[in-house]
Amino acid sequence: MPEGHTIHRMARRQRRDLAGRATTSSSPQGRFAAGAARIDGAVLTDIDAIGKHLFHRFGDETVHVHLGLFGRFRRVLGDDAAPPSENTRWVLAVDGIEWRLSGPTACELMDPAAEEALRARLGPDPLAGDDASPFLDALGRTRRSIGDVLLDQSVIAGVGNVYRAEVLFLAGIDPRRPATELAADESRAIWEIAGSQLAAGERAGRIVTVEPADVGVGRRADIPRGERLYVYKRDGRPCRRCGTGIASAESAGRSIWWCPGCQA
DNA sequence: GCTGCATGATGAA
DNA sequence: TCATCCTGCAGCA
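Attention in this report is confined to the structure presented alongside it. (Residues numbered from 1 in each chain as written. Chains lettered and ligands numbered in written order. Predicted model: local features only at pLDDT ≥ 70, side-chain atom pairs only at ≥ 80, totals over all residues. Heavy atoms only, no water.)

**A look at the overall build of chain A**
Part 1 of the reasoning: Counting its regular elements, chain A contains seven helices and 10 strands.
Part 2 of the reasoning: Taking 2.2 N^0.38 as the reference for a compact globule, 264 residues should give roughly 18 Å; the C-alpha atoms of chain A span a radius of gyration of 20 Å, in line with that estimate.
Part 3 of the reasoning: Taken over 264 residues, chain A has a buried fraction of 50%.
Part 4 of the reasoning: Across chain A, the fraction of contacts at a sequence separation of at least 24, relative to all contacts at a separation of at least 6, is 60%.
Part 5 of the reasoning: About 12400 Å² of surface is accessible on chain A, with carbon and sulfur atoms providing 46% of the total. (Helix = DSSP H or I, 4+ residues; strand = E, 2+ residues; numbered from the N terminus. Rg over C-alpha atoms; globule rule 2.2 N^0.38 Å. Buried < 20%, exposed > 50% of the residue type's maximum accessible area, 1.4 Å probe, protein only. Contact = heavy atoms within 4.5 Å. Areas by Shrake-Rupley, 256 points an atom, 1.4 Å probe, with all protein chains shown as cover.)

So, in structure tokens, the structure goes:
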């Protein structure tokens, strides 16, 4: 689930439910028990999203959450809902609404110095309206391929394995190309496309990169499930645009897919 | 019931 | 580059 679009969407929805209200916190699993006790009853002042990181503010206290590969925040309504599972790390609630967190890589109280250090190692986040220059500069300074670099959160924050593949398809760029060899307009296009795709994902609550016409429908809403992406996990299948078989390889320790026809 | 896999990141080697 | 952490679920027997 969680690339940057999910995180920003989560921040927005939680803000709507919880911001400005006195909240209760608990940790059914126990691993966040001490932290939850510190903020139990506190007013949630705000929530910030940066890349794939969430910062819940309770006055002077901040909870840092990173979902990792399979963390989830679930919204549960009603007082008669089933109790949270034993794996629930954190329950953040107001009357009638619970947000239940399970499986995160990080859920911890974080002091300002630690947060500053964390932010310092994140690249610009296109969803946060950040300036592109640090990203563009970083591309010129690395020996790595553009596919590798797009997963590096210190270069661009918020892009994950689905978006890196889909963005490079939409930009028509082979993921194996060295980042330094990209033309200025290609680098700029990657930034712009990443930003618009992440924003669309945040609005829709899911990743849909294909144009309706490429799967033979008229409206975005009619794109069938399973046909929402161009290349991600489609190795061997024909490109939706040119029919060439989708290729795959390892890049930065993860799989990546691309169309050898469209991304020559 | 078991296995394997997943839109992530880190620390050791 | 590898091992490790975190959980849920699809696909199998």
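**A few points about the protein's contact with DNA strand B**
Part 1 of the reasoning: If you check the shell around DNA strand B, you find 19 residues, and the closest are Lys52, Arg121, Tyr232, Lys233 and Arg254.
Part 2 of the reasoning: For DNA strand B, the fraction of atoms within 4 Å of the protein that belong to sugar or phosphate moieties is 67%.
Part 3 of the reasoning: Contact distances for DNA strand B include 2.8 Å between a phosphate oxygen and a side-chain N or O atom of lysine 52.
Part 4 of the reasoning: Side-chain polar atom of arginine 254 to a phosphate oxygen of DNA strand B: 2.4 Å apart, as the coordinates give it.
Part 5 of the reasoning: For the surface near DNA strand B, the class distribution of residues is seven nonpolar, seven polar and five charged. (Near = heavy atom within 4 Å. Polar contact = N/O pair within 3.5 Å; in protein donor to acceptor, adjacent residues only side chain to side chain. Nonpolar A, V, L, I, M, F, W, Y, C, P; charged D, E, K, R; others polar.)

**Thoughts on the packing of aromatic side chains**
Part 1 of the reasoning: Evaluation of the coordinates by the stated rule reveals seven aromatic pairs.
Part 2 of the reasoning: Relative to tryptophan 191, the ring of phenylalanine 135 has its centre 5.5 Å away and its plane inclined at 35°; by these criteria the two rings are tilted. Highlighted residues: phenylalanine 135 in helix 4 (residues 133-141) and tryptophan 191 in helix 7 (residues 184-204), separated in sequence by 56 residues.
Part 3 of the reasoning: Ring pairs connect the aromatic residues Phe32, Phe58, Phe73, Trp90 and Trp99, which therefore count as one cluster. (Phe/Tyr/Trp six-rings, centres within 6.5 Å; stacked < 30°, edge-to-face > 60°.)

**Details of the sheet that holds strand 8 (residues 106-109)**
Part 1 of the reasoning: Taken in spatial order, the four strands make up an open sheet running 2-3-4-8, and their pairing is antiparallel. Edge positions in the sheet fall to strand 2 (46-50) and strand 8, since each of these pairs with one other strand and no more. Direction aside, neighbouring strands of the sheet carry axes that sit 15° apart on average.
Part 2 of the reasoning: Here five bridges tie strand 2 to strand 3 (residues 53-58), and the two strands are oriented antiparallel to one another. Its bridge partner lying in strand 3, aspartate 48 is registered against phenylalanine 55. (Pairing = 2+ DSSP bridges. Axes fitted to C-alpha atoms, helices over the stretch in contact; angles between N-to-C directions.)

**Some details on the protein's contact with DNA strand C**
Part 1 of the reasoning: Taken together, Gln29, Arg31, Phe70, Arg72, Arg74, Asn87, Arg89, Ser102, Gly103 and Thr105 make up the full set of residues near DNA strand C.
Part 2 of the reasoning: The contact in question runs from a phosphate oxygen of DNA strand C to an N or O atom on the side chain of arginine 31, over 2.7 Å.
Part 3 of the reasoning: Tallied by class, residues from the surface near DNA strand C come to one nonpolar, five polar and four charged.

**What to know about the environment of serine 248**
Part 1 of the reasoning: Assignment of secondary structure puts serine 248 in strand 9 (residues 247-251).
Part 2 of the reasoning: By relative accessible area, which is 38% here, serine 248 ends up partly exposed.
Part 3 of the reasoning: With near-sequence residues (within four places) excluded, serine 248 lies in contact with Asp235, Ile256, Trp257 and Trp258.

**A few points about the sheet that holds strand 7 (residues 97-102)**
Part 1 of the reasoning: If you trace the four strands from one edge of the open sheet to the other, you get 1-6-7-5, paired in antiparallel fashion. Of all the strands in the sheet, the pair left with one neighbour each is strand 1 (24-26) and strand 5 (72-77). For this sheet, the mean angle separating the axes of adjacent strands, direction not counted, is 20°.
Part 2 of the reasoning: Lying over the sheet, helix 1 (residues 4-18) contacts strand 5, strand 6 (88-94) and strand 7, oriented at roughly 145° with respect to strand 7.

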